[in-house]
Amino acid sequence: MERTSSVRRKPMARQHKAEVMIAGEQLRLKLHDGKLIKDRRYHLRTYPNCFVAHELIDWLVSHKEAPDRAIAVCLMQHLMDHDIVHHVCDKRPLFKDAKLLYRFRKDDGTFPFNTEVKIFMRGQRLYEHLILGKDSILQLREEHAVPYQRSFHGCELIDWLLQNGEAESRCKGLELCRALQEHGIIQHVSKKHNFFDSGLLYQFCINFRRRRRLSELLHESEGDNAEEMAVQTQEDNHTDSPFVLHKNPPPKSNSGFQLVGSSTDLKQITTGRRGSLNALQLHNAGQPLVPLSSTSVVRCNPKSGKSVMGDTLGWGFVVRGLAPCYVQAVDPGSPAAAAGVKVRQFVCQVNGQCVLYLDYRTVTRLVMTGPLVVVLEVMEPLE
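Summarised in this report is the structure supplied together with it. Owing to the predicted nature of the structure, the values given are computational and were not obtained by experimental measurement.

## Comments concerning the overall build of the protein chain
Then comes step 1: Along its length, the protein chain carries eleven helices and 17 strands.
Then comes step 2: In the protein chain, which comprises 383 residues, the proportion classed as buried is 47%.
Then comes step 3: Taking the intrachain contacts of the protein chain between residues at least 6 apart in sequence as the baseline, contacts between residues at least 24 apart amount to 66%.
Then comes step 4: Only carbon and sulfur atoms are counted for the fraction: they give 52% of the accessible area of the protein chain, which is about 19,000 Å².

## Quick notes on a nonpolar patch on the surface
Then comes step 1: Taken together, the side chains of Met309, Leu372, Val373 and Val375 define a hydrophobic patch exposed on the protein surface, amounting to about 330 Å² of accessible area.
Then comes step 2: Counting through the fold element by element, Val375 comes out in strand S17 (residues 373-379).

## A closer look at the nonpolar core
Then comes step 1: Counting residues in each nonpolar core, the largest one holds 57 residues, and the members touching the most others are Met76 and Phe95.
Then comes step 2: Those elements that place two or more of their residues in this core are helix H1 (2-33), helix H2 (53-62), helix H3 (69-81), strand S4 (101-104), helix H5 (115-132), helix H6 (154-163), helix H7 (170-182) and strand S8 (201-204).
Then comes step 3: Tallying contributions element by element places H1 first for this core, with seven residues.
Then comes step 4: Beyond its immediate chain neighbours, meaning those up to four positions away, Phe95 contacts Phe51, Ala53, Leu56, Ile57, Val73, Met76, Gln77, Met80 and Tyr102.

## Here's the deal with the packing of H5 against H7
Then comes step 1: Direction vectors running N to C along H5 and H7 enclose 105 degrees, while the axes themselves pass 10 Å from each other. The angle between the axes of H5 and H7 places the two elements in the roughly perpendicular class. In this structure, H5 contributes Ile119, Arg122, Gly123 and Leu126 to the contact, and H7 contributes Leu176, Ala179 and Leu180.
Then comes step 2: Of the residues contributing to the contact of H5 with H7, the split by class is five nonpolar, one polar and one charged.

## Thoughts on H7
Then comes step 1: Taking 1.5 Å of rise per residue, 13 residues should cover 18 Å, and H7 covers 18 Å from first to last C-alpha, within 8% of that figure.
Then comes step 2: Along H7, the residues that are buried comprise Gly173, Leu176, Cys177, Ala179, Leu180 and Gln181.
Then comes step 3: A positive phi of about 75 degrees marks Gly184, the residue just after H7.

## Some details on the packing of aromatic side chains
Then comes step 1: Across all of its chains, the model carries seven aromatic pairs by this definition.
Then comes step 2: Between Phe195 and Tyr202, the ring centres sit 4.5 Å apart and the planes meet at 35 degrees, which makes this aromatic pair tilted.
Then comes step 3: Each residue in the set Tyr127, Phe152, Phe195, Tyr202 and Phe204 is aromatic and connected to the rest through ring pairs, giving one cluster.

## Structural notes on the sheet that holds strand S5 (residues 139-143)
By definition, the strands of a sheet pair up through backbone hydrogen bonds, in either a parallel or an antiparallel sense.
Then comes step 1: Sheet architecture is open: four strands sit in the order S5-S6-S8-S7, paired in antiparallel fashion. The outermost strands of the open sheet, each flanked by one partner alone, are S5 and strand S7 (186-188). With direction set aside, neighbouring strand axes in the sheet form an average angle of 60 degrees.
Then comes step 2: Direction of pairing for S5 relative to strand S6 (residues 146-153): antiparallel, over a ladder of four bridges. From the neighbouring strand, Glu142 faces S6, where its bridge partner is Pro147.

## Digging into a positive patch on the surface
Then comes step 1: Residues Arg45, Lys91, Arg92 and Lys96 make up a contiguous surface patch of positive charge.
Then comes step 2: By secondary structure assignment, the location of Lys91 is in the loop between strand S3 (85-87) and S4.
Then comes step 3: Accessibility expressed as a relative area gives 68% for Lys91, which makes it exposed.

## Concerning H3
Then comes step 1: Counted at 1.5 Å a residue, the expected span for H3 with its 13 residues is 18 Å, and the 18 Å between its end C-alpha atoms agrees.
Then comes step 2: Listing the buried residues of H3 in full gives Ala72, Val73, Leu75, Met76, Gln77, His78, Leu79 and Met80.
Then comes step 3: With a side-chain oxygen positioned 3.2 Å from the backbone nitrogen of Ala70, the residue opening H3 is Asp68.
Then comes step 4: Looking one or two residues past H3, Asp83 carries a phi angle of roughly 60 degrees, positive in sign.

## Let's talk about unusual backbone geometry
Then comes step 1: Of note in this structure, Lys35 is not a glycine but carries a positive phi near 65 degrees.
Then comes step 2: Mapped onto the elements of the fold, Lys35 is located in the loop between H1 and strand S1 (38-42).
Then comes step 3: Assessed through its relative accessible area of 59%, Lys35 is described here as exposed.
Then comes step 4: A positive phi angle, close to 55 degrees, is found at Asn351, a residue other than glycine.
Then comes step 5: When you line up the elements, Asn351 lands in the loop between strand S15 (346-350) and strand S16 (353-354).

What counts as what
- Residues numbered from 1 in each chain as written.
- Predicted model: local features only at pLDDT ≥ 70, side-chain atom pairs only at ≥ 80, totals over all residues.
- Heavy atoms only, no water.
- Helix = DSSP H or I, 4+ residues; strand = E, 2+ residues; numbered from the N terminus.
- Buried < 20%, exposed > 50% of the residue type's maximum accessible area, 1.4 Å probe, protein only.
- Contact = heavy atoms within 4.5 Å.
- Areas by Shrake-Rupley, 256 points an atom, 1.4 Å probe, with all protein chains shown as cover.
- Patch = residues over 30% accessible without salt bridge, like charges linked within 9 Å, V, L, I, M, F, W, Y side chains within 5 Å.
- Salt bridge = Lys/Arg side-chain N within 4 Å of Asp/Glu carboxyl O.
- Core = buried A, V, L, I, M, F, W, Y, C linked by side-chain atoms within 4.5 Å.
- Axes fitted to C-alpha atoms, helices over the stretch in contact; angles between N-to-C directions.
- Parallel < 35°, antiparallel > 145°, perpendicular 65-115°, else oblique.
- Nonpolar A, V, L, I, M, F, W, Y, C, P; charged D, E, K, R; others polar.
- Expected span 1.5 Å × (residues − 1).
- Phe/Tyr/Trp six-rings, centres within 6.5 Å; stacked < 30°, edge-to-face > 60°.
- Pairing = 2+ DSSP bridges.
- Lys, Arg positive; Asp, Glu negative; His and termini not counted.
- Charge placed at Lys NZ, Arg CZ, Asp CG, Glu CD.
- Polar contact = N/O pair within 3.5 Å; in protein donor to acceptor, adjacent residues only side chain to side chain.

Here it is, written out as structure tokens:
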């Protein structure tokens, strides 16, 4: 019993912190969609991407995220205690139901991307890749006649890491898996063993795709979440989850990119004041809006990286397409043009995240809600 307790103690606390991070990120994206987060002026100064405390409390109660205003304040204080939100001037350590301005740290670049957060994000990315793999190693298996959903053998995960370029060697793969266990991302199915490159059975502790309600954060202790298994639920594929990276299955053929036509309008990459491109500017600049064929298979040149530093107006490019999306237009005087982003380039990665199987709406959201400097990996079609 003592051995089991020592294996579980740290991951239990870190799992709770991971749940807070997921719930906070889901709330942040909802507030952006609902226009509660926007630029606001106070005492002749503009505070970008912030919200008014009492307006947010109204929203939480009306959307049944909290039963009353007092509980809503407690929920937001919980997010403050975990460095998810803060007062715009960092003068108030407590969240108050008043006409005060607060902001999500991810919106102003002050979120602490420490080792713990990086491991969490790495685990979330691996989870998504494993869930959507054609022959996924996450399967129903038994240990001592007890069935475990989405479980895998330790040696299988290391094999997968090597095959997919996620680890340079088995030793590095073992180090990564032990870090994932230490940070509460994976665990032994009966929580009795550390991670080994062996036939022992493991699971992901966190279901990244499940939609969280903020009220859960107050009802669960830091140890309760360690008991939750990552089992298949109806919410696993919910499209509102910001941690669902791949909403479309990968194409069966690897010979090229199959473009799918879209009847929707162009989605402009803009949020708040970050809007530097519109149809009038494009026509005046002589930049053609060239649609790509909806049935052609396109061969592409090798990938190239582009770092686009947004200004007060935005990044200056428009993406379109279901999967993969492509650059529909570039403002000639924009940061995107200066970085070498060109029309008809396919977007492969955004800030290190593969987006080949994401539509333009999801890619747009990744850019809008990410850092000011957007790192793109693009490919140009062969002429």
